[in-house]
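Each chain, written out:
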Amino acid sequence: MPYSTVEEMVSMRPVGLDSSLPFTFSSHSKMTIGNLALGAGTALTVLSVEKHKDQEDQVRCLIRGQQEASAEVCIPVSFRGEFYECESEERFTLREIMSSSSLRSRRFRFVNATKCDRPLMLSPVYHVQAVMNLRKNVVKFPSSLEVDVVDVTELCKDVHFIVPLSLSEVHSEPNKSFPGVVEIIEDPETRSLFKCSWLPELRKNEHLIFHKKGTSPMILLSTLKSRKTPQYFLVSQQYGGRFRRRPREFNSVYELYVASIHAPGLKVSVTRNCEEVEEEGLPALSVGEQLEVVRCDRMVLPCEGKAGQKQSVEALLCYRLQESDDDDDDDDEDQVKREDEKEEIIMPLYMEGHFVEVLSDNRKYKLSDLGKEFSLPLDVKVVGRDTELEKDPLYGFSCLRIEAAMLEPTIQASFVHKPEYCFEIPTQWLSMSVYFTTDPLPWPKDQPPTCQVERITEVADTFFYEFRKRGNSDAEPPPRPPKRNMSFSAPPKKTKKSKKANKSKHQGDKSVPTKQFSDLTLNNKKRPPAPPPPANEDEPPPLVPRKFSAADQTIGKALPNTYVQMKESAKTGSVPEDENGDSDHDYETVDDTLAVMMKKAQENVMYY
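So, here's what we can say about the structure. (Residues numbered from 1 in each chain as written. Predicted model: local features only at pLDDT ≥ 70, side-chain atom pairs only at ≥ 80, totals over all residues. Heavy atoms only, no water.)

## Some words on the overall build of the protein
Scanning the protein for helices and strands turns up 11 helices and 29 strands. Looking at the protein residue by residue over its 608 residues, the buried ones come to 29%. Across the protein, every contact between residues at least 6 apart in sequence was considered, and the portion connecting residues at least 24 apart equals 65%. Surface exposure of the protein reaches about 41800 Å², of which carbon and sulfur atoms provide 49%. (Helix = DSSP H or I, 4+ residues; strand = E, 2+ residues; numbered from the N terminus. Buried < 20%, exposed > 50% of the residue type's maximum accessible area, 1.4 Å probe, protein only. Contact = heavy atoms within 4.5 Å. Areas by Shrake-Rupley, 256 points an atom, 1.4 Å probe, with all protein chains shown as cover.)

## Examining the pairing of strand 6 (residues 58-64)
As paired elements, strand 5 (residues 43-50) and strand 6 share six bridges and run antiparallel to each other. Within strand 6, the position partnered with L44 by the bridge is I63. By the bridge criterion, seven bridges tie strand 6 to strand 7 (residues 70-76) in an arrangement that is antiparallel. Looking at the pairing, L62 lines up with E72 of strand 7. (Pairing = 2+ DSSP bridges.)

## Comments concerning the sheet that holds strand 6
Read across the open sheet, the six strands follow the order 1-8-2-5-6-7; overall the sheet is antiparallel. Only two strands of the sheet have a single neighbouring strand rather than two, namely strand 1 (2-5) and strand 7. Adjacent strand axes in the sheet meet at a mean angle of 40 degrees, parallel and antiparallel pairs treated alike. Taken together, the three bridges between strand 2 (residues 23-27) and strand 8 (residues 80-85) define a ladder with antiparallel strand orientation. By the bridge assignment for strand 8, F25 is matched with E85. (Axes fitted to C-alpha atoms, helices over the stretch in contact; angles between N-to-C directions.)

## Quick look at a nonpolar patch on the surface
Where nonpolar side chains cluster on the molecular surface, the patch consists of V131, V138, V159 and F161 and spans about 360 Å² of accessible area. Here F161 is to be found in the loop between strand 12 (139-142) and strand 13 (165-166). (Patch = residues over 30% accessible without salt bridge, like charges linked within 9 Å, V, L, I, M, F, W, Y side chains within 5 Å. Salt bridge = Lys/Arg side-chain N within 4 Å of Asp/Glu carboxyl O.)

## Observations concerning the pattern of salt bridges
In the structure shown here, the tally under the stated rule is 13 salt bridges. For R60, the salt bridge identified is with E50, shortest N-O distance 3.4 Å. One end of the pair, R60, is in strand 6; the other, E50, is in strand 5, and 10 residues separate them in sequence. Residue class for R60 comes out partly exposed when judged on its relative accessible area of 24%. Classification of E50 as partly exposed rests on a relative accessible area of 26%. One salt bridge in this structure joins E403 and R468, with 2.5 Å as the shortest N-O distance. In this pair, E403 is assigned in strand 25 (residues 400-415) and R468 in helix 8 (residues 461-471), connecting sequence segments 65 residues apart. Residue classification places R468 among the partly exposed positions, given a relative accessible area of 27%.

Following this line, the structure appears as structure tokens:
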């Protein structure tokens, strides 16, 4: 780059670099310094800058001539001309060039000419950071962007830049930001998770008061699954109602095992009979039997597996409790005898069953006490409502299940027109954007109202399933029954037996596979033949047992003859038997039934 004066050229040298001096330059035109005349293109090397108090500063330069002859000359810094800095062997790093404004205005070459042998102009590109209105993130754009920028500071003095915050970001704000008035910028995105009364009022441009932030212990409750529409509640630990334990129901041995881990010595009662299946190791259970869970063990199944070996599966070892007899005198001796002769019963974990927990506890508990003394899940009933609530939604349910306990980051909020009625917003389950406004709080300074916090929040089933998905992602599924070899055999030969016997046999062998599917259907059954005609056409056919109506009994003349004819037909209408005494057809005799009908008819005749 050309310089117009020597001073300008010297001032553009980088400051603080060891290689600032010496440097070489030349003049585009002839130079006359005193009595010395230098031709155009003469190379001058600046050795130093000499400063004088009473006269102008000068630069001491070295002039190299032919045959290595050299001379020094002093040139005043105000000397004017068209000067060019000559290319030198000085080397600079990219950081040094960017940190010096004088070096950034110069041309450079790569030391390694293979990259590029042409001169380069190095200029930095800056990233400008800016904040936009109603935008949360900082906007960055390069200084090389070709846009027109206009300063509108004076025109936009009334514009207030707001930064949207999510509820999680609001929860991370310092405590000095609370209480404060906020405005909703975006509607909540997760409305389907809650069924509370305050959620529909959370709309865009609505103002709220955020009183404080915190972490609230909460309990997740659910109603019975047998209800047509189950309900779920998030209950604060400050709930003042009283609970009483309810017996839990279990539908499998595996559920018993899981419950016994948290409650050793669990006692249950059988509520449905179970038939014994010896091949699968399933014992017989009767309604009313009481079992005490001991431990998880292993049992060997009598059936063989795929490899033809006995299979070992996980099972639950229990004691079958004997019912105590109050009439015995020696109660202590009987109790010791029962303890010594406890009947053990072992059930595989994959066994289905129906059990109910045996409880002897009739105390009333607070919600906080239940979490300390018992493990979850726990079945309870509200026996005393919370007196501080106008309407307790938990009171009246026959049974509630405490599914889980959690610590939720919450924000205590209220509406501006009702600052004393507060509710807790779980920040991890509700997504919406707000910003803090400069509006004043709707109460006198340092006189906040006494807040009444809503302690029960009804949630949807989607909340419950999402909570289960997060909590039980690594839970193992219940065990499955083991696979075993299935042996097939040919159907037995048909013998001359009654159909009633064949039917009972098929019912007893229902789990055994057969090659002939027609044996298990009704298509192969023949219809029994019609009864034989009477010997005499004048005699009536055998009577079929039925109930007589009052209208039939009013005909008095036919009743005596009917009685005689029925008795004679009973003798002649019997089914003939073969020589061996077996009937060809499986018919039941109707003698006993006819005798009863004749007796009733005789009594009716005597009555009339």
